[in-house]
Amino acid sequence: NTDVVKESAPVGAPTGTIAASALPAGALPPGDHFTRDGKKTFRVVPTRASTKIGTGAQVYTYAVEVENGLVPVDYSGDKAFASMVDATLANKKSWIGGGKVSFKRVNGDQSPDLRISLTSTNTARELCGYQIKLESSCFYPPTHQVLLNEARWVRGAISFAGDTHSYRQYQINHEVGHGIGYEAHEPCKQDGALAPIMMQQTFGTSNKDIMGLDPDMNANRALSCRPNPWPFP
């Protein structure tokens, strides 16, 4: 666990120099429309006074935001996006399941610990980096933003085999994980097991798929896991 908010670089985005063609598992699946260029400004999805979720002593406040310029019909609208974030973080299989952290949703004027932001592709590339030509999400410490790339929100990942609902849960939990201090990515540790939430499942659930993105990772290339959206499944 690190105090990632003190960092200035994005956390969780791939940093290698490998060609995208060498990473077929990480390609964006075909599917519905998403916005490439947003306005780089964000609106908060308002909430009424919310209660704390979880029993952990470490309470993280969060606001839910959408980048201006996205087309609501593409992602089912602001309320649906916020509901998915809320339901995911309130699930006992999410981070509250470990008993260490709690969450409380606030409005943006309350200086939230995390700004969970649905973001256009090019804004995500600008803030997360685009060294590897694959669509990714990340946590961006300077603005406390959990940046969720709308291209992935709409289309998911090949590893999730068309299950975009589970992929969205993964996307929220994985990037929030970076935001609450889980900086390092994890490999698959047991063949056929559920993938760790901090594995880069967007790019594959086999170690051989993700080790190209993370050359320093010390892992057995032969192991392959199953997709898993939860920290505590």
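Check the entry above for the structure.
K.L.:
I would appreciate a short explanation of the pairing of strand E6 (residues 145–149) in the present structure.
P.N.:
Looking along a regular strand, one sees the side chains alternate between the two faces of the sheet. Most of E6 is tucked away, with five of its five residues classed as buried. Bridging between strand E4 (residues 114–119) and E6 involves five bridges; their strand directions are parallel. Its bridge partner being in E6, Arg115 is matched across the sheet by Gln145.

K.L.:
In this structure, what is going on with the nonpolar core? I would like to understand it.
P.N.:
Formed by 34 residues in total, the largest nonpolar core has its most connected members in Phe81, Leu89, Phe103, Leu114, Ile116 and Val176. For this core, the leading source of residues is helix H2 (residues 78–90), giving five residues. Setting aside residues up to four positions removed in sequence, Phe103 forms contacts with Thr51, Lys52, Ile53, Tyr60, Tyr62, Leu89, Trp95, Ile96, Leu114, Val176 and Ile180. Counting eight residues, the second largest nonpolar core, distinct from the first, contains Cys188, Met199, Ile210 and Met217.

K.L.:
Help me understand the layout of surface pockets, please; the structure alone is not making it clear to me.
P.N.:
Its boundaries defined by the atoms lining it, the largest pocket holds a volume of some 240 Å³. In terms of lining, the largest pocket is formed by 17 residues, of which the most central are Ala13, Thr15, Glu183, His185 and Asp214. Taken together, the residues that form the lining of the largest pocket break down as nine nonpolar, four polar and four charged. By volume, the second largest pocket is sized at about 170 Å³. Split into classes, the residues belonging to the lining of the second largest pocket amount to three nonpolar, two polar and four charged.

K.L.:
Explain the state of the cysteines here, please?
P.N.:
Every disulfide links exactly two cysteines, by a covalent bond between their sulfur atoms. Under the criterion given, the structure shown has two disulfides. Linked covalently through their sulfurs, Cys128 and Cys138 form a disulfide whose S-S length is 2.2 Å. For the disulfide bridge between Cys128 and Cys138, the dihedral angle about the S-S bond is near -85°, and by the sign convention the bridge is left-handed. With Cys128 in helix H3 (residues 121–128) and Cys138 in strand E5 (residues 138–140), the pair connects residues that are 10 residues apart, well separated along the chain. The buried category is assigned to Cys128, whose relative accessible area is 2%. Covalently, Cys188 is tied to Cys225 through a disulfide, its sulfur atoms 2.2 Å apart. One disulfide, between Cys188 and Cys225, carries an S-S torsion of 85° and so falls in the right-handed class. Here the residue Cys188 occupies a position in the loop between helix H5 (164–179) and helix H6 (207–210), and Cys225 occupies one in the segment after H6, the gap between them amounting to 37 residues. A residue is classified by how much of its surface remains accessible, and Cys188, at 2% relative accessible area, is buried. The disulfide pattern of the protein is 1-2, 3-4 when the bonded cysteines are numbered in sequence order.

K.L.:
Explain the packing of H2 against H5 here, please?
P.N.:
Two quantities define a packed helix pair, namely the angle between the helix axes and the distance between the axes. Running from N to C, H2 and H5 point in directions that differ by 70°, and their axes come no closer than 10 Å. With respect to H5, the element H2 is oriented roughly perpendicular. Both H2 and H5 take part in a crossing whose hand is right-handed. Taken together, the residues of H5 that come into contact with H2 (itself represented by Met84, Val85, Thr88 and Leu89) are His165, Arg168, Gln169, Ile172, Asn173 and Val176. Classifying every residue of the contact of H2 with H5 gives five nonpolar, four polar and one charged.

Here is what the cut-offs are and how they apply
Residues numbered from 1 in each chain as written. Predicted model: local features only at pLDDT ≥ 70, side-chain atom pairs only at ≥ 80, totals over all residues. Heavy atoms only, no water. Buried < 20%, exposed > 50% of the residue type's maximum accessible area, 1.4 Å probe, protein only. Helix = DSSP H or I, 4+ residues; strand = E, 2+ residues; numbered from the N terminus. Pairing = 2+ DSSP bridges. Core = buried A, V, L, I, M, F, W, Y, C linked by side-chain atoms within 4.5 Å. Contact = heavy atoms within 4.5 Å. 1 Å grid on protein atoms, 1.4 Å probe; cavity = no way out; pocket = protein on both sides within 12 Å on 5 of 7 lines; lining within 4 Å. Points joined across faces, edges and corners; volume = space filled by probe spheres on them. Nonpolar A, V, L, I, M, F, W, Y, C, P; charged D, E, K, R; others polar. Disulfide = S-S within 2.5 Å. Axes fitted to C-alpha atoms, helices over the stretch in contact; angles between N-to-C directions. Parallel < 35°, antiparallel > 145°, perpendicular 65-115°, else oblique. Left-handed = near helix turned anticlockwise from the far one by under 90°.

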